[in-house]
Structure formats: C-alpha cells, structure tokens
Amino acid sequence: MKTETHLYASLSQNLAKLFYAIAASDGHVQQVEIDALKTFINNEWPKPNNNSKPYETIKKQIEKSFDALISKEDHDPNHYFNDFITYKKNNTNLFSEDIINLILKTASAIANSFSSLNKSELIMLAKLEIELKK
C-alpha cells in the first residue's frame, strides 16, 4: 500500500509539473488557467468509485502540487515540461490510453482557457502529444 501511495504521489506531482508548464508557457499563470485545471479534473476525470480511487487521489494531489509550483520562485516551464517527459519515459507502464487521453484533454483545456492558444502553448502541446504517443 505504501508503494502504491508513493506511486500516485509521484505521478500526481509530475502531472502537476506538466500542467504548470502548459499554463506558464507564455510566462504567466493566469487565474483562468488555474480554474480551468481544477474544473477540468474535477468534472472530466473519473468520479470516485471502487475502481477509480487512484484517480481521486491523483486529482487532489495534482491540485496541491500545482498550487505549490505557483508559489515557487522557479518558474521555468520548460524545466517542468522536461521533468514530466523524463518521468513518462521512466514509467511508461503508468500511461494507459485512458490516462494519456485525460492528460491531453486537460492540457488543451488549460491552454485554451486564456485568450485561446499562443505559439508557445501550441509548441508544447505538440511536443506533449508526440511524447505521449511514443
């Protein structure tokens, strides 16, 4: 059980890094992007039941980790994006088709929430899709 808890915490922290990178790719994280993340994961990610308890744990941890990243002084979105990609490459077994689809939809919701997509967000989303589909 302890290993499973650590696994979910690590996955959540890395997803938060990715979602932060998407939100911060234009140099600023807007409140509307924060709201988009929280709304999307609470409304679109699986609701808690016996089979989706991991998702509920992950959702709460993502929000907590995302908030912590916002309050940090280091705001390099590329650093966090690369951290996520490294994590994904080292933990491919965690990335089912369902979780990949949720990640891509969540990232798109964040990117589209503030003045539609800009060039930096488009580039990051394209890189993300390529990496997740490997």
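Here the structure is a predicted model, which is why all the values come from computation and not from measurement. (Residues numbered from 1 in each chain as written. Predicted model: local features only at pLDDT ≥ 70, side-chain atom pairs only at ≥ 80, totals over all residues. Heavy atoms only, no water.)

1. Describing the nonpolar core
In this structure, Phe 19, Trp 45, Phe 95 and Ile 103 are the most contacted members of the largest nonpolar core, which totals 39 residues. The set of elements that each furnish at least two residues to this core consists of helix H1 (2–24), helix H2 (31–44), helix H3 (53–71), helix H4 (77–90), helix H5 (97–112) and helix H6 (119–132). Counting residues per element, this core draws most heavily on H1, at eleven residues. (Core = buried A, V, L, I, M, F, W, Y, C linked by side-chain atoms within 4.5 Å. Buried < 20%, exposed > 50% of the residue type's maximum accessible area, 1.4 Å probe, protein only. Helix = DSSP H or I, 4+ residues; strand = E, 2+ residues; numbered from the N terminus.)

2. Let's talk about the environment of Ser 113
Tracing the chain through its elements places Ser 113 in the loop between H5 and H6. We classify Ser 113 as partly exposed; its relative accessible area is 22%. Considered as a pair, Ser 113 and Asp 35 are 78 residues apart in the sequence and their alpha carbons are 8.8 Å apart. In this view, Ser 113 contacts Val 32, Glu 33 and Ala 36; residues no more than four positions away in its chain are not counted. Of note is the side chain of Ser 113, whose polar atom sits 2.7 Å from the backbone oxygen of Ile 110. (Contact = heavy atoms within 4.5 Å. Polar contact = N/O pair within 3.5 Å; in protein donor to acceptor, adjacent residues only side chain to side chain.)

3. A word on the packing of H5 against H6
For the pair H5 and H6, interaxial distance at closest approach is 11 Å and the crossing angle is 180 degrees. Taken together, the axes of H5 and H6 lie roughly antiparallel to each other. Taking contact as the criterion, the partners of Ile 100, Ile 103, Leu 104, Ala 107, Ser 108 and Ala 111 in H5 are, on H6, Glu 121, Leu 125, Leu 128, Glu 129 and Leu 132. Across the contact of H5 with H6, the residue classes break down as eight nonpolar, one polar and two charged. (Axes fitted to C-alpha atoms, helices over the stretch in contact; angles between N-to-C directions. Parallel < 35°, antiparallel > 145°, perpendicular 65-115°, else oblique. Nonpolar A, V, L, I, M, F, W, Y, C, P; charged D, E, K, R; others polar.)

4. A closer look at the side chain of Glu 63
With respect to the helices, strands and loops of the structure, Glu 63 is situated in helix H3. Buried within the structure, Glu 63 lacks any salt-bridge partner; its nearest side chain of opposite charge belongs to Lys 38, at an N-O separation of 4.7 Å. (Lys, Arg positive; Asp, Glu negative; His and termini not counted. Salt bridge = Lys/Arg side-chain N within 4 Å of Asp/Glu carboxyl O.)

5. Description of the confidence of the model for the chain
For the chain, mean pLDDT is 87; residues scoring 70 or higher make up 90% of the total. In the model of the chain, H3 stands out as the element of lowest mean pLDDT, 86, in contrast to H4, which has the highest, 96. (pLDDT = per-residue confidence, 0-100.)

6. As for the pattern of salt bridges
Here the structure, examined in full by the defined rule, presents four salt bridges. We note a salt bridge from Lys 17 to Asp 83, for which the minimum N-O separation is 3.3 Å. Of the two residues, Lys 17 sits in helix H1 while Asp 83 sits in helix H4, which places them 66 residues apart along the sequence. Residue classification places Lys 17 among the partly exposed positions, given a relative accessible area of 21%. In this structure, the salt-bridge partner of Glu 129 is Lys 133, at a minimum N-O distance of 3.4 Å. By relative accessible area, Lys 133 is classed as exposed at 55%.

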